[in-house]
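Read off the chains here:
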Amino acid sequence: MLTDYHVHLRPDDEGTAAADYFTAGNAERFREAAEERGIAELGVSEHIHRFQQSLEIWQHPWWRKWATDDIEAYCGFVREETDLRLGIEADYVSGREDRIARFLEAREWDYVIGSVHFVRDAAVDLEGDQWDHVWGRGERADTIWERYFLMLAEAARSGLYDIMAHPDLVKVWGSARPGPERDPRHYYEPAVEAMLESGVAMEVSTAGLRKPVGEIYPARALLDMAVDAGLPIALSSDAHLPEHIGLGYDRALELLADAGVTELCVFEGRERRMEPIG
Ligand SMILES: [Zn+2]
Ligand SMILES: [Zn+2]
């Protein structure tokens, strides 16, 4: 069985109002794309920062800019007008665990995807504006990588999540940003240990193929560490358009087979089971 759980029904761009994208017709376009690619398990996971209620968690100016939608309208739409699993991509914000927990516990998800985009107050994957300063503060790449993976470990340990998304997102820019001098396995290790201890699954995401790095998340060495540790693996595309659904899955499936992964996580009501890839 193939899955695509980390799916956004709209691009991250300006002018993508909920009313235009959270429609039965748009959900159907994603479902059709999934069917064409043999993906039976399809769910959506809108970014938490697009909901007004996320400002109860964090008042970061970038969140304030985007927090326009109503979370109850989103959940109601997915449950009542689509046959998709209901998820959310909920950024981890250090020190705000209680607030994130309150937000998550108030709604009935099929799964909750945890992600780290911001290391402290700067995002590792945004550029071209004032939010790109994570790479522009004169800090060594090793320092940024170390902080990113320690934050991922902290997020995993919070117990808030079912899946940790795009686990090595910090590499998103590829050679356009400096890379670490140390063997990155040194940075992966605490994150893998935390995911193992908290029982959270790790995402294999083909989104990296569409990004400057041009690689699947995670790197092979991180996947190997996860497989050795026995971490459950979830497969997603992080689609923002119907044509992104399952994009690059041929390469992901090759990678998974080569790494010895034979089962994928399937979620319902925040219960996980493992299903053979097929
Ligand atoms: Zn993300
Ligand atoms: Zn996403």
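Worth saying up front: this structure is predicted, and the values here are computed from it rather than measured.

Reading the values: rules and limits
- Residues numbered from 1 in each chain as written.
- Chains lettered and ligands numbered in written order.
- Predicted model: local features only at pLDDT ≥ 70, side-chain atom pairs only at ≥ 80, totals over all residues.
- Heavy atoms only, no water.
- Helix = DSSP H or I, 4+ residues; strand = E, 2+ residues; numbered from the N terminus.
- Buried < 20%, exposed > 50% of the residue type's maximum accessible area, 1.4 Å probe, protein only.
- Contact = heavy atoms within 4.5 Å.
- Donors = N, O, S within 2.8 Å, 3.2 Å for Na, K, Ca; no water.
- 1 Å grid on protein atoms, 1.4 Å probe; cavity = no way out; pocket = protein on both sides within 12 Å on 5 of 7 lines; lining within 4 Å.
- Points joined across faces, edges and corners; volume = space filled by probe spheres on them.
- Nonpolar A, V, L, I, M, F, W, Y, C, P; charged D, E, K, R; others polar.
- Lys, Arg positive; Asp, Glu negative; His and termini not counted.
- Salt bridge = Lys/Arg side-chain N within 4 Å of Asp/Glu carboxyl O.
- Polar contact = N/O pair within 3.5 Å; in protein donor to acceptor, adjacent residues only side chain to side chain.
- Axes fitted to C-alpha atoms, helices over the stretch in contact; angles between N-to-C directions.
- Parallel < 35°, antiparallel > 145°, perpendicular 65-115°, else oblique.

A few points about the environment of V200
Along the chain, the position of V200 falls in the loop between helix 7 (185–198) and strand 8 (201–205). The exposure class of V200 is buried, given its relative accessible area of 2%. Taking C-alpha positions, V200 is 21 Å from A106, a pair spaced 94 residues apart along the chain. The residues contacting V200, other than those within four sequence positions of it, are A156, Y161, D162, I163, M164, M195, L231, P232 and R272.

So, the coordination of the zinc ion (ligand 2)
Distances from the zinc ion (ligand 2) to its protein donors, H6 (NE2), H8 (NE2), E89 (OE) and D238 (OD), fall within 2.0 to 2.3 Å. Sequence positions of the donors to the zinc ion (ligand 2) reduce to the motif H-x1-H-x80-E-x148-D. The metal-metal distance between the zinc ion (ligand 2) and the zinc ion (ligand 1) is 3.5 Å, with E89 serving as a donor to both. Pair noted here: E89 is in strand 3 (residues 85–91) and D238 is in the loop between strand 9 (233–236) and helix 9 (249–259), with a separation of 149 residues, a long-range link. Accessibility classification places E89 together with D238 in one group, the buried group.

With respect to the layout of surface pockets
Volume-wise, the largest pocket comes out at about 570 Å³. Lining the largest pocket are 30 residues, and of these D12, D125, L126, K211 and H240 sit closest to its centre. Only helix 3 (61–66) and strand 3 provide two or more residues apiece to the lining of the largest pocket. Here the lining of the largest pocket is built from residues that sort into 13 nonpolar, seven polar and ten charged.

As for the side chain of E89
Buried charge without a partner: E89 forms no salt bridge, and the closest opposite charge is K211, 9.2 Å away. A distance of 3.3 Å separates polar atoms of two side chains, one belonging to E89 and the other to H47. Within the local environment of E89, its side chain forms a polar contact with the side chain of H117, the two groups lying 3.4 Å apart. When neighbours within four sequence positions are excluded, E89 is seen to be in contact with H6, H8, S45, E46, H47, I48, I113, S115, H117, A165, H166 and D238.

What about the packing of helix 6 (residues 141–157) against helix 7?
Axis separation between helix 6 and helix 7 bottoms out at 8 Å; the angle between their running directions is 5°. One element, helix 6, and the other, helix 7, form an angle in the roughly parallel class. Contacts between helix 6 and helix 7 involve D142, W145, E146, F149, L150, L152, A153, A156 and R157 from the former and Y187, Y188, P190, A191, E193, A194, M195, E197 and S198 from the latter. Here the residues of the contact of helix 6 with helix 7 are counted per class, giving twelve nonpolar, one polar and five charged.

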